[in-house]
Amino acid sequence: MSEILNWQLVDGKPAMTRVTGLTDMEQVGTWVEGVRPQLNAALREHGAIFLRGLPMATVEDFAQVRDLLISARTPYREKATPRSRLGDDVFSSTDLPASQSIRMHNENSYTLTFPGLLLFGCLTAPAEGGATPVSDCRKVLEALPAQVVEKIRAGGWRLSRSFSEHISTDWQTAFATDDVDEVERYCAENLIGCRWQEDGTLRTGQIRPGIIIHPSTGEEVWFNHMLFWNEWALDEDLREALVDEFGSDGLPFNTGFGDGSPLTNEDLQAIQAAYDAATVRETWQPGDVMLVDNILTSHGRDPFRGDRKIVVAMGDPVELSECRPTVEPSPAFA
């Protein structure tokens, strides 16, 4: 008879179970096989689950855990933030400066195929801060102002990107090629509008639904990057400097409503408040693993001090078309 997992449900923290008695990765494999139905049920209920006490210490250990919990790998498409490849489809969670927070988002919400599951693992815990907070996107949707929800339901959201080696990811890195024709083919196939600028840089625009339905649970969720990549989410001084230099259309990222209207600072604050109300976090300890349903749950990162090595893997890809989007994806121009 398999072990009955005890889930600790504490306000402000993700659902956690403590694993005891495992000393090597072979035992981890046996344990996962025995409790897999319980893990799946808890993930559907809570959207993210924390496993504490696994004997995981290396990238190779983490990759083994990934292969136990995720059935198929998902590539990182349309790259946006810096990550380090650590081998065997394991990445650093992000290489952005430690002083920066990362706002809530669903991984690759702007692509037509995105990971259904994310796996985070702690190899080195920072001395201070550095949690990976998560928010239940079912609760976020319920808490948003009706006028914001209806605009997204009717028209979706718009993502504009400007690719430049000076202030953002260049297009060669983002699309993993230096072939202009290949970029144009990818954009056409993936419903992304693209325009080449006179200086050789690239601007793209795409409209995506923003509200989708989980293909397994049938629940409606808020699913997008609107908060993370909006100009009002930038530090005020940085925003003013970038807008003065490049204009709103030339920002590395910007988001708005699919009908072309901008997301106001008031809109952004309302979205942030909805995420804040649904956010939980746990302080990382070495060996911790967090499994996240990428549709039910968004994630971010808290600023930190000290060494931090959180690794991530993505898998179980989902097609947007499987999620009954309220708006069909289409190209748009920055």
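Going by the structure above, here's the rest.
Notes on the structure in this doc start here. (Residues numbered from 1 in each chain as written. Predicted model: local features only at pLDDT ≥ 70, side-chain atom pairs only at ≥ 80, totals over all residues. Heavy atoms only, no water.)

1. Some points on the nonpolar core
Stage number 1. In terms of nonpolar packing, the biggest core is built from 43 residues, with F120, W222 and I271 touching the most fellow members.
Stage number 2. Top element by residues in this core is helix α8 (residues 265–278). It accounts for five residues.
Stage number 3. Not counting residues within four places of it along the chain, the set of residues in contact with W222 comprises N106, C137, V140, L141, L144, V148, I152, G210, I211, I271 and Y275.
Stage number 4. Judged by nonpolar contacts, the second largest core, of 32 residues, contains L39, L51, L54 and I70. (Core = buried A, V, L, I, M, F, W, Y, C linked by side-chain atoms within 4.5 Å. Buried < 20%, exposed > 50% of the residue type's maximum accessible area, 1.4 Å probe, protein only. Helix = DSSP H or I, 4+ residues; strand = E, 2+ residues; numbered from the N terminus. Contact = heavy atoms within 4.5 Å.)

2. So, helix α4 (residues 146–155)
For an α-helix the count is 3.6 residues per turn, leaving residues at separations of three or four pointing the same way.
Stage number 1. Residues of α4 that are buried: V148, V149, I152 and G155. Projection of α4 onto a plane perpendicular to its axis shows the buried side chains occupying an angular sector of 165°, all on one side. Residues of α4 that are exposed and angled more than 90 degrees away from the buried face: A146, Q147 and A154.
Stage number 2. Phi turns positive, to about 75°, at G156, one or two residues after α4. (Arc of directions from axis to C-beta.)

3. Some details on the environment of A188
Stage number 1. Looking at the secondary structure, you find A188 in helix α6 (residues 180–189).
Stage number 2. When its relative accessible area of 57% is taken as the criterion, A188 is described as exposed.
Stage number 3. Expressed as a C-alpha distance, the spacing of A188 and M25, which sit 163 residues apart in the sequence, is 44 Å.

4. Remarks on the packing of aromatic side chains
Stage number 1. Going through the model one piece at a time under the given rule, you end up with eight aromatic pairs.
Stage number 2. We note K151 situated over the ring of F257; from NZ or CZ to the ring centre the distance is 4.2 Å.
Stage number 3. When the ring centre of F304 is taken as reference, the NZ or CZ atom of R308 above it lies at 5.3 Å. (Phe/Tyr/Trp six-rings, centres within 6.5 Å; stacked < 30°, edge-to-face > 60°. Lys NZ or Arg CZ within 6 Å of the ring centre and 35° of its normal.)

5. Considerations on empty space enclosed by the protein
Stage number 1. The final tally for this structure, using the stated rule, is one cavity of 30 Å³ or more.
Stage number 2. As a volume, the largest cavity reaches approximately 200 Å³.
Stage number 3. As for the largest cavity, its lining consists of 20 residues, and the residues nearest its centre are R83, S93, H105, E107 and H299.
Stage number 4. If you list the elements that add at least two residues to the lining of the largest cavity, you get β5 (102–105) and β17 (297–301).
Stage number 5. Sort the elements by how many residues they give to the lining of the largest cavity and β17 lands first, with three residues.
Stage number 6. Classifying every residue of the lining of the largest cavity gives eight nonpolar, eight polar and four charged. (1 Å grid on protein atoms, 1.4 Å probe; cavity = no way out; pocket = protein on both sides within 12 Å on 5 of 7 lines; lining within 4 Å. Points joined across faces, edges and corners; volume = space filled by probe spheres on them. Nonpolar A, V, L, I, M, F, W, Y, C, P; charged D, E, K, R; others polar.)

6. Considerations on the sheet that holds strand β16 (residues 289–293)
Adjacent strands of a sheet pair through backbone hydrogen bonds, lying either parallel or antiparallel.
Stage number 1. Across the sheet, seven strands lie side by side as β1-β2-β16-β6-β19-β4-β3; this open sheet has mixed pairing. Only two strands of the sheet have a single partner each, and these edge strands are β1 (15–18) and β3 (85–87). Strand-to-strand twist in this sheet, taken as the mean axis angle between neighbours without regard to direction, amounts to 25°.
Stage number 2. Bridge count between β1 and strand β2 (residues 48–52): four bridges; the pairing is parallel. Within β2, the position partnered with T17 by the bridge is L51.
Stage number 3. The strands that helix α1 (residues 25–46) touches are β1, β2, β6 (113–124) and β16; relative to β2, the one it contacts most, it runs at about 140°.
Stage number 4. On top of the sheet, helix α2 (residues 59–69) reaches β2, β3, β4 (90–92), β6, β16 and β19 (309–319); it is set at about 145° to β6, its chief contact. (Pairing = 2+ DSSP bridges. Axes fitted to C-alpha atoms, helices over the stretch in contact; angles between N-to-C directions.)

7. Here we look at unusual backbone geometry
Stage number 1. Despite not being glycine, D316 shows a phi value in the positive range, around 50°.
Stage number 2. Here D316 is to be found in strand β19.
Stage number 3. A positive phi angle is found at R324, which is not glycine, with a value near 45°.
Stage number 4. For R324, a relative accessible area of 54% gives the class exposed.

8. Quick look at the environment of T94
Stage number 1. Its location among the elements puts T94 in the loop between β4 and β5.
Stage number 2. The spatial distance from the C-alpha of T94 to the C-alpha of K309 is 9.6 Å, given a sequence separation of 215 residues.

Note that every value here comes from positions in space, so none of it alone points to a role or purpose.
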